[in-house]
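Architecture at a glance
Here are the chains, one letter per residue:
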Amino acid sequence: SGTAPIRFSLIVTGWNCASLVDACFGSLERLQAGGFDLEILAYDDASDDGSWEKLAAWTDRLNLRIFRGEENLGPAFARDFLLRRVEGGDRICVLLDMDDQLLPHALRELERIYRETPDCWMTYGNWVNQHGVVNTEGIYTAEEIDSRAYRSQDVFKFTHLRSFRRFLYDQVEPRHLKDPEGVWLRYCSDVGLML
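I will try to describe carefully the structure that is included in this document. Remember, it's a predicted structure, so these values are computed and weren't measured experimentally.

Here is what the cut-offs are and how they apply
Residues numbered from 1 in each chain as written. Predicted model: local features only at pLDDT ≥ 70, side-chain atom pairs only at ≥ 80, totals over all residues. Heavy atoms only, no water. Pairing = 2+ DSSP bridges. Helix = DSSP H or I, 4+ residues; strand = E, 2+ residues; numbered from the N terminus. Contact = heavy atoms within 4.5 Å. Axes fitted to C-alpha atoms, helices over the stretch in contact; angles between N-to-C directions. Core = buried A, V, L, I, M, F, W, Y, C linked by side-chain atoms within 4.5 Å. Buried < 20%, exposed > 50% of the residue type's maximum accessible area, 1.4 Å probe, protein only. Salt bridge = Lys/Arg side-chain N within 4 Å of Asp/Glu carboxyl O.

A short note on the sheet that holds strand S4 (residues 92-97)
One open sheet accounts for 6 strands, arranged S3-S2-S1-S4-S6-S5; its pairing is mixed. Both outer strands of the open sheet, strand S3 (64-68) and strand S5 (122-123), are each paired with one neighbouring strand and no more. In terms of strand pairing, S5 meets strand S6 (residues 162-165) through 2 bridges, oriented antiparallel. Counted as the bridge partner of methionine 122 is phenylalanine 164 from S6. Where helix H1 (residues 18-29) meets the sheet, it contacts strand S1 (6-14), strand S2 (36-44), S3 and S4, and its direction lies at approximately 170° from that of S1.

As C-alpha cells, then:
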C-alpha cells in the first residue's frame, strides 16, 4: 500500500512484582494484531521475589528480550537502559510498568493515531485505574499545550499510556534523569522523562 510501517517497541520495567508479571505479559499476549510490528524489551531491576523467573518464562511466548540488573537502580535507569537499545529513530516507544496491563485494542488505537497523524511525535493518556475510572486526571487542551500552561499546574496529566518516537529520546541525557548528586531518579521519573 506504500504506507510506512508502524514499528512499536514496548518498554516494560519493574522490580519485585512477581505476582503481577503474568497479568502484565498475558495482556500483551492478548493484543489484537494490526498493521504494525512489535518488539518487547523488559528490564527486571534486580528483583529478589521470583520476578525474573516469571519474566523468563514469557520469552518463548512473546517477541521478548529481557534484561536483569545486578543492583536495583530504579525506574529511570531501567527505562534509559532499554530505550538506548531501541534502534530506529522513527520507532514508537511505549512505556509500561510490570504492574500495568494493556487492553487488547491499545496498540491498534496507537497505530491509528500515528497513521492518521504522521507528524505526531508523542501521545499520552487513556488509562483505566483500579476502580474502572478512565483518565482520572483528564487531558490537556491544545491551548494548554501550545502555551506550556502545564508547567504551572499542580497536577501532571501526562499519564499512561505514554508513547513517543524514539528520536526524541536522543535529546535526553542520563544526567537529565539523575538528582544533583548523580543518583538515578527513583520517584516520578516518568514525569521527568515525559517533560
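Now that the structure is up, let's keep going.
Some remarks on the nonpolar core
Residues Val12, Phe25 and Leu28 are the most contacted members of the largest nonpolar core, which totals 28 residues. At the level of elements, S1, H1, S2, S4 and helix H4 (106-116) are the ones that each hand at least two residues to this core. Setting aside residues no more than four positions away along its own chain, phenylalanine 25 makes contact with Val12, Ile40, Ala42, Leu55, Trp58, Leu62, Leu64 and Met98.

Thoughts on the pattern of salt bridges
For the structure on display, the rule yields 14 salt bridges. Across the salt bridge formed by aspartate 44 and arginine 68, the nearest N and O atoms sit 3.3 Å from each other. One end of the pair, aspartate 44, is in strand S2; the other, arginine 68, is in strand S3, and 24 residues separate them in sequence. Using a relative accessible area of 39% as the deciding quantity, one classes arginine 68 as partly exposed. Taking the shortest distance from any N to any O, the salt bridge between arginine 112 and glutamate 116 comes out at 2.7 Å. Residue arginine 112 and its partner glutamate 116 are located together in helix H4, separated by 4 residues, close to a single helical turn. Glutamate 116 gets classed as exposed once you look at its relative accessible area, which sits at 55%. In this structure, a network of salt bridges that share partners links the residues Asp37, Glu39, Arg65 and Arg91.

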